[in-house]
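Residues per chain are reported as follows:
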Amino acid sequence: MARPTVAECRELLAACAPGELDALIERLSGDDRAGVRALADAACRRRAAARAEGERLDGLLKLERSLSAGGTLVVAGVDEVGRGALAGPVTAAAVVLGDAPLPAGLNDSKRLTPARRSQMAALLRDGCRAWAVAHVSHEAVDAIGIARATRQAMQEALAALEVAADHVIVDGLPIGAHASETAVVKGDSKVACVAAASIVAKVARDDLMARLGERHPGWDFAVNKGYGTPEHLARVAEQGPCPVHRRSFLRNVIEPKLW
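Residues numbered from 1 in each chain as written. Predicted model: local features only at pLDDT ≥ 70, side-chain atom pairs only at ≥ 80, totals over all residues. Heavy atoms only, no water.

A. Expanded view of the overall build of the protein chain. For the protein chain, the helix and strand inventory stands at 11 helices and five strands. Its C-alpha atoms give the protein chain a radius of gyration of 24 Å, clearly above 18 Å, the size a compact globule of 259 residues would have. The buried share of the protein chain, taken over its 259 residues, is 44%. Pairs at least 24 apart in sequence give 64% of the contacts found in the protein chain among residues at least 6 apart. (Helix = DSSP H or I, 4+ residues; strand = E, 2+ residues; numbered from the N terminus. Rg over C-alpha atoms; globule rule 2.2 N^0.38 Å. Buried < 20%, exposed > 50% of the residue type's maximum accessible area, 1.4 Å probe, protein only. Contact = heavy atoms within 4.5 Å.)

Below, the structure is given as structure tokens:
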């Protein structure tokens, strides 16, 4: 029987069942053709990367599993985005993960490209047990301050969940969003449900800022998302604030003559 060509070996690796991959890689690694050995080496690297990613994702679930083992039935992750922006709302998302496997690449939203964030947000919304997003307006930020507005956004997101959370994990320092709360510094890169919330919140707010950019085209919100980039500050200096700018924030970064 003729041995498979290099192209056929590539097809065999692509179609191989996980339980048979180790044996196939070992067999191809002993082939006398450099092209086949290169395929085996590449498959070995992919296998190692997949195992490392599986271990990382498993680590992201450590705190949630500990809470569940202690009798907590519904654990929600909460995170916010837009806290430091000069325009638009502060946004929070709450996510209760289900039994579906975590999507590969789940991480802090800031570590993902915009395209990957959008894909990941869709996977999370489809696969989780419950999710909700809440926006607290720029007017509220000006009226009550960003700390209270952030807590309000988190509380509103939690209240909008289809299932009530028994315990909440928040990113950063304690904020009092829930009576039973655990705060984890850098939680959006350490805890699965918080990472999920960071992604869902970021995508929701970015989409909203793009729509606000259509209504207020002079400030390029689709690009800067309301944050104080040099280009954004230059536009404010040239033409003043628009209706969705946070006046309390702008007073600290632009010339008083604009007020």
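That shown, we press on.
B. Molecular detail of helix α3 (residues 34–60). Over its 27 residues, α3 runs 39 Å from end to end, which matches the ideal 39 Å to within 8%, given 1.5 Å per residue. All of the buried residues in α3 are Val-36, Leu-39, Ala-40, Ala-42, Ala-43, Arg-47, Leu-57 and Leu-60. Tucked inside the fold, the buried residues of α3 contact α1 (6–15), α2 (18–29), α4 (62–69) and α8 (192–215). (Expected span 1.5 Å × (residues − 1).)

C. Structural view of the nonpolar core. Ranked by internal contacts, the top residues of the largest apolar core, which has 37 residues, are Ala-76, Val-78, Met-154, Leu-158, Leu-161, Val-168 and Phe-221. In terms of residue count, helix α7 (residues 146–159) provides more of this core than any other element does, six residues in total. Excluding its chain neighbours within four sequence positions, the residues that come into contact with Leu-158 are Ala-76, Val-78, Ala-94, Ala-165, Val-168, Ala-177 and His-178. If you look at the next biggest cluster of nonpolar residues, it comprises 29 residues, including Leu-57, Leu-60, Leu-67 and Val-203. (Core = buried A, V, L, I, M, F, W, Y, C linked by side-chain atoms within 4.5 Å.)

D. Structural detail: the environment of Val-168. Within the secondary structure, Val-168 sits in strand β4 (residues 167–171). Given a relative accessible area of 0%, Val-168 falls into the buried group. Between the alpha carbons of Val-168 and Arg-247 there is a distance of 32 Å; along the sequence they are 79 residues apart. In contact with Val-168, not counting residues within four places along its chain, are Ala-76, Val-78, Leu-158, His-178, Ser-180, Glu-181 and Thr-182.

E. Focus on unusual backbone geometry. Despite not being glycine, Lys-186 has its phi angle at roughly 60 degrees, a positive value. Counting through the fold element by element, Lys-186 comes out in the loop between β5 (181–184) and α8. Residues other than glycine seldom take positive phi values, yet Lys-225 does so here, at roughly 55 degrees. Structurally, Lys-225 can be placed in the loop between α9 (221–224) and α10 (230–239). Overall, the relative accessible area of 16% leaves Lys-225 in the buried class.

F. Spotlight on the side chain of His-138. Residue placement: His-138 occurs in helix α6 (residues 138–144). Overall, His-138 belongs to the buried group, its relative accessible area being 10%. Ignoring any residue separated from it by four or fewer positions in sequence, one finds His-138 in contact with Gly-88, Pro-89, Pro-243, Val-244, His-245 and Arg-246.

G. Spotlight on the sheet that holds strand β3 (residues 130–136). Across the sheet, five strands lie side by side as β3-β2-β1-β4-β5; this open sheet has mixed pairing. Each having just a single partner strand, β3 and β5 make up the two edges of the open sheet. Put simply, the sheet's adjacent strands are angled 20 degrees from each other on average, direction ignored. One ladder, built from five bridges, connects strand β1 (residues 75–81) with strand β2 (residues 90–96); its direction is antiparallel. For Glu-80, the partnering residue across the bridge sits in β2 and is Ala-92. Packed onto the sheet, α4 meets β1, β4 and β5 and runs at close to 160 degrees relative to β4. (Pairing = 2+ DSSP bridges. Axes fitted to C-alpha atoms, helices over the stretch in contact; angles between N-to-C directions.)

H. Geometry of the pattern of salt bridges. Counting across every chain of the model gives 11 salt bridges. Lys-110 is the partner of Asp-108 in a salt bridge, and the nearest nitrogen-oxygen pair spans 3.1 Å. Linking Lys-202 and Asp-206 is a salt bridge whose minimum nitrogen-to-oxygen distance equals 3.2 Å. Note that Lys-202 and Asp-206 are positioned in helix α8 at a spacing of four residues, about one turn of the helix. (Salt bridge = Lys/Arg side-chain N within 4 Å of Asp/Glu carboxyl O.)

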